[in-house]
Structures are given as C-alpha cells and as structure tokens.
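What follows is the residue order along each chain.
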Amino acid sequence: MNQHAKIEAPAARAKVDIRHSTCPHDCPSACALDIEVIDNASIGRVRGSKLQSYTAGVVCAKVARYAERVHHPDRLTYPMFRVGPKGSGKFARISWDDALDEIAGRFNAAEREFGAESVWPYYYAGTMGLVMRDGINRLAHVKKYSRFYSTICSTIARVGFAAGTGKIAGVDPREMGVSDFVVIWGTNPVHTQVNVMTHAMRARKERGAKIAAVDVYNNETMKQADIKILLKPGTDGSFACGVMHVLFREGFADRAYMDKYTDCPGELEAHLKTRTPEWASAICGVPVEEIEAFARLVGQTKRSYFRLGYGFTRSRNGAAQMHAALCIPAVTGAWQHEGGGAFFNNLALWKFDESIIEGHDAIDSTTRRLDQSKIGRILTGDPAALHNGPPVKAMLIQNTNPMTVAPEQALVRRGFARKDLFVAVHEQFMTETAQMADIVLPATMFIEHDDLYYGGGHQHISVGAKLIEPPGECRSNHEVLRGLGRRLKVDHPGFEMSPRELIDATLRKSGHGGIAELEADLWRDLQPDFRTSHYLDGFAHKDGKFHFKADWTSVPLGNAGMMGAWDQMPSLPDHWAAIEEADEAHPFRLATSPSRSFLNTSFNETPSSQAREGAPSVMIHPDDAGRLGIADGDAVTLGNLRGETTLTAKVFEGVRRGVLIAESVHPNKSHIGGRGINMLTGAEAVAPVGGAAFHDNKVWVKKADADAIPTP
C-alpha cells in the first residue's frame, strides 16, 4: 500500500487543466477536443468535447491516445544532416542556422542553374490547419518556384458532387440523427470519421431508423448496418442507376420536385429504362432482389439521408460515381425533408480568404503547377509530368510522407534516390521520406503551435491554440518558412507575421471577425438555414437546378485544366467502364481501403496503433484462396506492371469473388521484402480535372516464397 501511495503521489500533486483544441489530422470530422494539460508541460487524456454539437463528446481511439505521439521517445527534436548514403538513416546533428543556411543555399543554387521552377515545395494534409499547412504556398508564390496541384485526396469527389449541386455543401450532417434511413456510401466511418456513426446510431436509437452501408467489403461500418450492399470496386454508378430505374418504374420518383428543381428528369427517365436491376447486377455483383429492396426502401422513406464518402471516388470513374449516387435523393425529392438529402463535404461554407497565408498577390499564373500524385514521374524526369520544363532539383517537404503514400512507388523510390536531388524534410518522426532527406528538421505538433481549423465533415471553424512548449528544438512550419524567407530575401508581409497575427488577419479578411472573437466561441457553427442547406430556393448552378446532366467542362471548382478521358465521361448517371478492369494476366481487382488505427501514415509510430493493426494483410475470398492454394496466414505476393508487394493473406468471405482488400497504409518496411502497397497504385490523372485512383488496380496474386523475396 505504501509503495502504491508513492507511485500515485506525484500525479495527485500535478496541476491538470482541461483545455480546448481541434484535431488537426486529415479527417472530415476535425473533432473538438478537451485535452488534459499537466503542469503546463505535458498532456494526458484526450476526449471529444461535448461542447461542440457535431463531435458530441466522441473521438476516435487513436486520437484519445494522442499522448503516445506527443511524448513519443522517437520524436525528432533537433536538426540533422545526412552523413551516409541516401536512405541509410545515417545523420548527424546540425544547428538550426546551419540547416536553414544550407537549404537556402541549395535552393538558390538550383535557381541559378536551372531556374526557379527547379525548386518544388511539396506538402499535404498532415495538418489541416491553414497556417501550418498552406503557408508553404506563400514561399512558392513569392519565389516563383513550381506550384503545387493537390490531387491525392479529394479532387475527384469534389468534382462529382459539385457537378450535381453546383457547390460543395449539403444538408447539416447532424440531421442524420433525425433521419429515418441513413445511407453510408463509399466510406467506412467506424475507421475514418467516427462521428458519422454517432449521429446515425442516434437516429436508430431514437427513431428506429435503418442504416445502410454501400461498400466494397464487409467492413466495420457494414457490420453495424441493417442493410449491406456489397459491390465490386468501381461499379457504384451501375448500382445507382439500377436503383433509380426502380424508383421511376415503381412510382417512387417525385415528379413534382424534379420538375421544379432538376434540369432534365424526362431525359433521365428515358436513359434509365435500359439500366435495369438485371443490367446493374451483372456489373456490380449485387443481386437483383437486393437492388430492388434498397430502391423501395429509399422510395418509401422521405427522410433518406445519403452520407457520401471519398472512398468510392478513388477510381478512374470516381467523379461519375459520386454524381450518380448523388442523383438518387434528387429523384425521390428527399432534399425537401429534414433528415433527407445528401452530404459529402462543406467546402463552400468557410469562404476563408487565404491571400496572406498563401501569398496570392505574388502568384504568377505562368509558373507551372506540378501534380502531387505524379511525384514519381516528376522526380524521374518524365517530360509530360514536368510540363516540358526544367527538372526538379530541390524540395522542401512538410506534412506528408510521399515515400510511403504516393502512387507508383517504384518511380518515387528511384526519384528520391537521385544524387543530384536535394531534399529537406520537416517532420515529427523519422519517416521513410525523412530517411531519404539531406536535411531533416524537427516539427511541432498541433498542441505546440497556434492554427486555424475548419471541419470538412461538419460546419464549425475554430482556433487551435498553443497549449504546451514543444520538446527540444522543434519548430513550427511557419517558423521554418520565416527562417528560409529571411535567407532567401523574400518580401511579403506573411513572413513577418506571427501565426496568431496571420489567423487574425485571415479571419478579418474572410468576414469572420478576429481571433479573439473566434476563441471566445470555441467552435463557431456556420451552418446555413434549413432552406439554404436543402437547396429549397434552388441549387447553386446558374439555372438554379440540380443537374442530372453533368457538364464536366464547367464544374465550379478550381483546377489545373481538363485531364484524363474527360471527353468520354457520361453526362447522365451511368456506369462508366473506365476502370482498370481485371484481365487474364491480372485477374483480381484491388482496393487499398483505410485502416482503423492509422491515418495515412500518421500513427504508424504509436505502439497502440501498431498492436491493433499488426502486419500488413490482404483480404481474399475463400473460393479464390482455395483455387490458388492459399491458406489464411500465408505470405502472398500481389503484382502488376507497376511493381510487387508481399503481405499476409486473410481469407475473408466479406468480399466479392475476384476482389482483394488491403487496409493501409503500413510502412513499406512492415511489408515482407520492404515494398509497400503503393507499389501497385497508379498516378494516371483521373478525369475530368485530376486525382489519384488508389482503389482501382488490377493485380495478380500468388503464394509467396518468403525466402525468395528481394529486399530493395
């Protein structure tokens, strides 16, 4: 007992405050957080805040354990420079001044020899805070470095949704809680945005609502659903058309609503006459009776809420699939009713003016924009990917880990191995990208700096204030950019401002008041009124109509021009057979769906996430496994023309025959042989304006001889 008292006494004396913040990670939930701050120096438990109505007191398990990341013994805490071969992991300590001097000197040398466009600042959504995520664009714009075209996540989905509604905003996601039928389509929120389940389960508990899950495997969300629609990857458009055929055929289409609010209901009905459930079933694998039963339930339930996700759009026909699914509630008129309609993201709500953060006044539109997803092609000198411009000779990388997450990993590896490429990586841990760097800089985490956040999956904005000091010599993204700016002699007010000053200026320019007012609100609710969010005064297209007929050349969304086979896209909802179809040499279709305890490669380093996820595995149907002589737990190799990866087989009935699911993203080093899942994914630009088709891959699979697997 005395020994126990000695252990507990320090904790009893510690001063514990509950402070508020917002989860910064690449997740639509952007959860409101209550964080235990201990003696103003460390953090303890992280909980979802009950003070914000969307988070509603719930947070995912990996963020609840965030102290594991903040206080991890492997955090980077001082700058380093490479002293061994690239990728060897051999680094030595260096001062901040020397590190920044070296980076600036290498950038200037590349600019002198090859032009400013030979420098490419590269980033993504390791943090969703506007100051720390987007400030790197200010450096690119002021210096006329190659600009960055963001394609790896949301571009495809956004285009598909905006093609129908005219803007990216939908029904208040909290209305799931008052719906009678919640359709969760192409997303696995138990893994990726747990708050969706909070509100859907509330509807089930309080109203007896039904929950449907439409997805490509029997995932954790589908296991909790009342209705399970198991599709083949890339076939959602056919399923949507089969459903709408039944709605018209059996009198569930709301003709009065369509006449008032949609562009061409008669043309749609005629088009769908041949898109029967039998036609759809042959494509998507869902039995005819399940298609018809789903359609009847949608037709009979006015309060049907379609919560559409990102996953089913990460396909070569992804934008068309999003648009097709979105058309269903327009056919039934569900938008008219509380708890009815559709939602994907609230991008159109924020109207943030990031001109100071990003340096919009310095943009030169003639400077090339390099596609994030094509980093492998860019670093290996592909002329088309480089827009026939100079090679990339120097990079600063923040908030992303392309050596693991980018497609076409064989090219990515070859590119980063170039001896003439200088790379500086600003990171929290020694990621696989940091291991390839020439200079590694230690980065702060979200509770160690100030930033401005929005919730893509809901309607709140917030300031996330600095709560504790960072360990060692960690510096924020903004501090690094300011340090480089001074050395590169840039002239822009954004480099002279503190993060709080940038937040305040951005809020004021955006019409949201100042930082003090937003901090007082904690999480400000920007949800429009019912009529606006349900489009009862018209949709956002110029004609005020929902567009069944998509004009892919004029979707109201910023882009870098038309890409892919955009001129072959169907205008009316349909199955567009643009996917990477299985063939004799590659008889399986592979989707790389998100795991529960990793978020891209964030949390790869935390012990609890590692323990939960275990080794990389691939789900395979028992009949397919039996035919190939593969048993549960066997090492198997998957391959295609892009590369190969080896992982463990998981025999699983919850997929269609010919479909493989690998929940990702595990580090490359966790795979047998060291080649990760993105060896298999392609970087071809998805129509109409770009994007990466991570869940659209044809592969072969065979039982592996682990002893014969080469290590890169």
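Residues numbered from 1 in each chain as written. Predicted model: local features only at pLDDT ≥ 70, side-chain atom pairs only at ≥ 80, totals over all residues. Heavy atoms only, no water.

Student: When you look at the pattern of salt bridges in this model, what are you seeing that I'm missing?
Tutor: Side chains bearing opposite charge may pair, as long as their charged atoms lie close to each other. What the rule picks out here adds up to 49 salt bridges. Across the salt bridge formed by Arg202 and Glu206, the nearest N and O atoms sit 3.3 Å from each other. One end of the pair, Arg202, and the other, Glu206, are both in helix α8 (residues 194-207), four residues apart, so they sit about a helical turn from each other. Residue Arg202 is classed as partly exposed on the basis of its relative accessible area of 35%. Judged by relative accessible area, Glu206 falls into the exposed class, the value being 56%. (Salt bridge = Lys/Arg side-chain N within 4 Å of Asp/Glu carboxyl O. Helix = DSSP H or I, 4+ residues; strand = E, 2+ residues; numbered from the N terminus. Buried < 20%, exposed > 50% of the residue type's maximum accessible area, 1.4 Å probe, protein only.)

Student: Can you walk me through the packing of aromatic side chains in this structure?
Tutor: To describe a pair of aromatic rings, you give the distance between the ring centres and the angle between the ring planes. For the structure shown, the criterion picks out 21 aromatic pairs. Geometrically, the ring pair formed by Trp185 and Phe306 is tilted, given 6.4 Å between the ring centres and 35° between the ring planes. On the criterion of sequence distance, the pair formed by Trp185 in strand β8 (residues 181-185) and Phe306 in strand β11 (residues 304-308) is long-range, its members being 121 residues apart. Here Trp185 matches Phe306 in class, with each residue buried. For the pair Phe539 and Phe546, a centre-to-centre distance of 5.5 Å together with 75° between the ring planes defines the contact as edge-to-face. Phe546 shares its class with Phe539; the two are buried. Over the ring of Phe495 we find Arg138, and its NZ or CZ is 4.4 Å from the ring centre. (Phe/Tyr/Trp six-rings, centres within 6.5 Å; stacked < 30°, edge-to-face > 60°. Lys NZ or Arg CZ within 6 Å of the ring centre and 35° of its normal.)

Student: Help me understand the environment of Lys232 in this model?
Tutor: Position of Lys232 relative to the elements: it lies in the loop between β10 (227-230) and α10 (236-249). Through-space distance from the C-alpha of Lys232 to that of Val246 is 20 Å; in sequence the pair is 14 residues apart. Aside from chain neighbours lying at most four places away, what touches Lys232 is Val216, Ile283, Cys284, Gly285 and Arg656. (Contact = heavy atoms within 4.5 Å.)

Student: Quick question: what am I supposed to make of helix α4 (residues 96-114) here?
Tutor: Three or four residues apart is the spacing at which side chains of an α-helix point the same way, because the helix has 3.6 residues per turn. Over its 19 residues, α4 extends 27 Å from the first C-alpha to the last, a length consistent with the 27 Å expected when each residue adds 1.5 Å. Of all the positions in α4, only Trp96, Ala99, Leu100, Ile103, Ala104, Phe107 and Ala110 are classed as buried. One side of α4 carries all its buried residues, which in axial view fall inside an arc of 125°. Along α4, the residues that are exposed and aim more than 90 degrees away from the buried face are Arg112 and Glu113. Residues of α4 that are buried sit in contact with β6 (119-123), β14 (394-398), β15 (422-427), β16 (439-442) and α21 (477-487). (Expected span 1.5 Å × (residues − 1). Arc of directions from axis to C-beta.)

Student: Where do I start with the state of the cysteines in this structure?
Tutor: Put plainly, a disulfide is one covalent bond tying together the sulfur atoms of two cysteines. For the coordinates displayed, the defined rule picks out zero disulfides. With no disulfide of its own, Cys241 lies closest to Cys327 among cysteine sulfurs, the gap being 8.2 Å. (Disulfide = S-S within 2.5 Å.)

Student: Is there a simple way to think about the pairing of strand β23 (residues 643-651) in this case?
Tutor: Side chains on a regular strand alternate between the two faces of the sheet. Where strand β21 (residues 617-620) and β23 come together, four bridges link them in parallel fashion. Of the residues in β23, the one forming a bridge with Val618 is Ala649. Sheet topology places strand β22 (residues 635-640) next to β23; six bridges connect them, and they run antiparallel. Opposite Thr637, over in β23, you have Thr646 as the bridge partner. (Pairing = 2+ DSSP bridges.)

Student: Is there a simple way to think about the packing of α10 against helix α12 (residues 265-272) in this case?
Tutor: Angle between the axes and distance between the axes: these two values describe a pair of packed helices. Between α10 and α12, the shortest axis-to-axis distance is 9 Å and the interhelical angle comes to 110°. By the angle between their directions, the pair α10 and α12 is classed as roughly perpendicular. In the packing of α10 onto α12, the handedness of the crossing is left-handed. Note on element contacts: α12 touches α10 through Pro265, Leu268, Glu269 and Leu272, opposite Cys241, Met244, His245 and Phe248. When its residues are assigned to classes, the contact of α10 with α12 shows six nonpolar, one polar and one charged. (Axes fitted to C-alpha atoms, helices over the stretch in contact; angles between N-to-C directions. Parallel < 35°, antiparallel > 145°, perpendicular 65-115°, else oblique. Left-handed = near helix turned anticlockwise from the far one by under 90°. Nonpolar A, V, L, I, M, F, W, Y, C, P; charged D, E, K, R; others polar.)

Student: Sorry, what's going on with the sheet that holds strand β5 (residues 91-93) here?
Tutor: Sheets are built from strands paired through backbone hydrogen bonds, the pairs being either parallel or antiparallel. Taking strand neighbours across the sheet as the criterion, the six strands line up as β5-β4-β16-β15-β14-β6 in an open arrangement whose pairing is mixed. Every interior strand has two partners, whereas the edge strands, β5 and β6, have only one. Recorded for the sheet is a direction-independent mean angle of 20° between the axes of neighbouring strands. Alignment of β6 against β14, held across five bridges, turns out to be parallel. Directly across from Val119, in β14, lies its bridge partner Ala394. Taken strand by strand, α21 contacts β14, β15 and β16, and its axis lies near 155° from that of β14.

Student: Explanation requested: the sheet that holds strand β3 (residues 42-48) in the structure shown.
Tutor: If you trace the three strands from one edge of the open sheet to the other, you get β1-β2-β3, paired in antiparallel fashion. Both edges of this open sheet fall to β1 (16-22) and β3, since each of them pairs with a single strand only. Going across the sheet, the axis of each strand differs from the next one's by a mean of 30°, ignoring polarity. In terms of strand pairing, strand β2 (residues 32-38) meets β3 through five bridges, oriented antiparallel. Each residue of the ladder has a partner; that of Ile38, found in β3, is Ser42.

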